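For reference, the chains in residue letters:
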Amino acid sequence: MNNNYLIIMAGGIGSRFWPMSTPETPKQFLDILGTGQTMIQQTIKRLHGIVPIENVFIVTSKNYKSIINEQLPEVKDEQILLEPCMRNTAPCIAYATYKIYKRNPQANIVVAPSDHLITDETEFRRVVNKGLEFVASNDVLLTLGIAPHRPETGYGYIHAISGNDTFRKVEAFKEKPNRATAEKYLAEGNYFWNAGIFLWSAASIMKAFQQHLPAVAGIFKAGTDKYFTVGEQAFIDEEFPKCENISVDYGIMEHAENIYVLPADFGWSDLGTWGSLWEKRTRDEQGNSVVGSEVQLYDCQNNIVTVADNRKVVLQGLDDYIVTEANGVFMVCKKSEEQRIKEFQKNC
C-alpha cells in the first residue's frame, strides 16, 4: 500500500455554482450535498485504506492553502502543491508526479478531481484497487469509464475497442455529443463517460510527458533537486507560469498509444451544474431538494433550495427552480436557464 499515491486536483474556481461557490471559496471546499463534509474531505476519505494520508498530494492555488490547512489538518504543508497561476491539468499533474517520483520511483498514482460525487464508495474502492494492480505491472495509462445510463450530452466520452476484457484498449476520446450522437453511443455499448479519474505508475506517466509534452516535462524534471526543500516554492513560482496551458486529456491521453479504460459504475457525477446536484441530493415526494432547516414549501416541485439553517424562507408555486442564498446574494433561477449564471455573476 505504501507505493500507492493520490494526486487531488483542487485549483478550480467552481464558477457554475455561484453564488454559493466563489473564487474565494470554490465548491471543492463546500458541503454542497449537506453531508457535514466538504467535497475535498470526501475525496480523501473515500480512498482511506488504499492510499496512506502521507501519500496524498493536493495541487491547488496559493489562495486556497489556508482553507486546506483548516479542512485537512492531517495533510502536511509539503503535500500541498501551490500553483502561482492556472495552467490546466497537465502541468498540475506533472508537478505532483515529478515530486512523488523523487520520493518513490515505484509509485502508483490515482489522479482525481476534488469536487466529484461518488455514491457507491465500496465499489469505487474495489475498482481503484483493481486498477492499481493493473498499472503496477503494465506500462499503461488507465482511465475510469462510467457505464452510461442515459444519452448524456454534458459529458465527454471514451470509445473503447469492443471486447470482453476488463481492461479495454481506448480507440478515441470524444467531445460532448449532441443528443442523436449520445443516443448512438448508448446503443452501441462501447462508449463510456469520461470521469477524469486516472491511474498509472509514476514511471509510465513521466515517459508519456517526455514523449508528448517534452517542454512541460523538462520544467519539472529540472526541479528535482528543489522538491521537499525550502527552495521548492520559489522554483515553482518562477517556472510554473512558463508551462503550456493544456489539459492532460489534450496533451497526452489523445496521443498516447498505451491508453486503457476500466469500465465501472459507482454512482459517479461531476456535479458540474445545479441540475446535476439536484439529481444526486435527497428529494422529497414532490421532487424538492432542500438544505436549510427553516425552509417552508407550498405547492412547489422539482426545486433545489440551499440556504443557511438560520434563514427563514417561504416559497410558493415554484416548479423546477434553483433557489440559493450565499455571500450576500439571493438567487432564484430556472434550472433550464442555469447556463446564464456566469452572466448573472458578471453583472452582480
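Residues numbered from 1 in each chain as written. Predicted model: local features only at pLDDT ≥ 70, side-chain atom pairs only at ≥ 80, totals over all residues. Heavy atoms only, no water.

1. Side note on the pattern of salt bridges
Taken as a whole and judged by the stated rule, the model has 18 salt bridges. Here Arg-179 ties to Glu-183 by a salt bridge, and the two come within 3.1 Å at their closest N and O atoms. Separated by four residues within a single helix, Arg-179 and Glu-183 lie in helix H5 (residues 179-188), roughly one turn from each other. Where Arg-311 meets Glu-325, a salt bridge forms, and the shortest distance between an N and an O atom there is 2.8 Å. Here the residue Arg-311 occupies a position in the loop between strand E14 (304-306) and strand E15 (313-316), and Glu-325 occupies one in strand E16 (residues 321-326), the gap between them amounting to 14 residues. Classification of Arg-311 as partly exposed rests on a relative accessible area of 42%. When its relative accessible area of 25% is taken as the criterion, Glu-325 is described as partly exposed. (Salt bridge = Lys/Arg side-chain N within 4 Å of Asp/Glu carboxyl O. Helix = DSSP H or I, 4+ residues; strand = E, 2+ residues; numbered from the N terminus. Buried < 20%, exposed > 50% of the residue type's maximum accessible area, 1.4 Å probe, protein only.)

2. Some points on the side chain of Gln-79
Relative to the helices and strands, Gln-79 is located in the loop between helix H2 (65-71) and strand E3 (80-83). Taking relative accessible area as the criterion, Gln-79 reaches 1% and is therefore assigned buried. There is a polar contact of 2.8 Å between the side chain of Gln-79 and the backbone oxygen of Val-56. Apart from residues no more than four positions distant in its own chain, Gln-79 is found in contact with Ile-53, Glu-54, Asn-55, Val-56, Phe-57 and Ile-58. (Polar contact = N/O pair within 3.5 Å; in protein donor to acceptor, adjacent residues only side chain to side chain. Contact = heavy atoms within 4.5 Å.)

3. Thoughts on the layout of surface pockets
Estimates place the volume of the second largest pocket at around 290 Å³. In this structure, the second largest pocket is lined by Arg-16, Gly-272, Thr-273, Gly-275, Trp-278, Glu-279, Lys-335, Ser-336, Glu-338, Gln-339, Ile-341 and Lys-342. Elements with a contribution of two residues or more to the lining of the second largest pocket: helix H10 (274-280) and helix H11 (341-346). Examining the composition of the lining of the second largest pocket, we find that three residues originate from one element, H10, more than from any other. (1 Å grid on protein atoms, 1.4 Å probe; cavity = no way out; pocket = protein on both sides within 12 Å on 5 of 7 lines; lining within 4 Å. Points joined across faces, edges and corners; volume = space filled by probe spheres on them.)

4. Focus: the sheet that holds E14
In spatial order, the strands read E12-E14-E16-E17; together these four strands make up an open sheet with mixed pairing. At either margin of the open sheet sits one strand with a lone partner, and together these are strand E12 (289-291) and strand E17 (329-334). Between one strand axis and the next, the sheet turns by 5° as a mean value, whatever way the strands run. (Pairing = 2+ DSSP bridges. Axes fitted to C-alpha atoms, helices over the stretch in contact; angles between N-to-C directions.)

5. Thoughts on the environment of Lys-280
Mapping Lys-280 onto the fold places it in helix H10. Setting aside chain neighbours within four positions, we find Lys-280 in contact with Leu-117, Gly-267, Trp-268, Ser-269 and Leu-271.

6. Some details on the packing of aromatic side chains
A complete count under the given rule lists 15 aromatic pairs for this structure. Judged by centre distance (5.1 Å) and plane angle (80°), the rings of Phe-124 and Phe-266 are edge-to-face. In this pair, Phe-124 is assigned in helix H4 (residues 121-137) and Phe-266 in the loop between strand E10 (259-264) and strand E11 (268-269), connecting sequence segments 142 residues apart. Each member of the pair Phe-124 and Phe-266 is classed as buried. Ring centres 5.3 Å apart and planes at 5° place the aromatic pair Phe-198 and Trp-200 in the stacked group. Residue classification places Phe-198 among the buried positions, given a relative accessible area of 2%. Note on Trp-200: relative accessible area 0%, which makes it buried. Members of the aromatic cluster, connected to one another through ring pairs, are Tyr-95, Phe-220, Tyr-227 and Phe-240. (Phe/Tyr/Trp six-rings, centres within 6.5 Å; stacked < 30°, edge-to-face > 60°.)

7. Comments concerning the state of the cysteines
By the definition in use, this model includes zero disulfides. Its sulfur unpaired, Cys-243 is 8.0 Å from the next cysteine sulfur, which belongs to Cys-85. Look at Cys-243 and you get buried, because its relative accessible area is 5%. (Disulfide = S-S within 2.5 Å.)

8. A few points about unusual backbone geometry
Residue Trp-18 is joined to Pro-19 through a cis peptide bond whose omega torsion reads 5°. Mapped onto the elements, Pro-19 comes out in the loop between strand E1 (4-9) and helix H1 (39-45). Phi angles above zero are rare outside glycine, and Asp-299 is one such case at about 55°. Assignment of secondary structure puts Asp-299 in the loop between strand E13 (295-298) and E14. Residue Asp-299 is classed as exposed on the basis of its relative accessible area, which comes to 63%. Phi angles above zero are rare outside glycine, and Asp-320 is one such case at about 70°. Within the element layout of this structure, Asp-320 appears in the loop between E15 and E16. Given the relative accessible area of 31%, Asp-320 is considered partly exposed.

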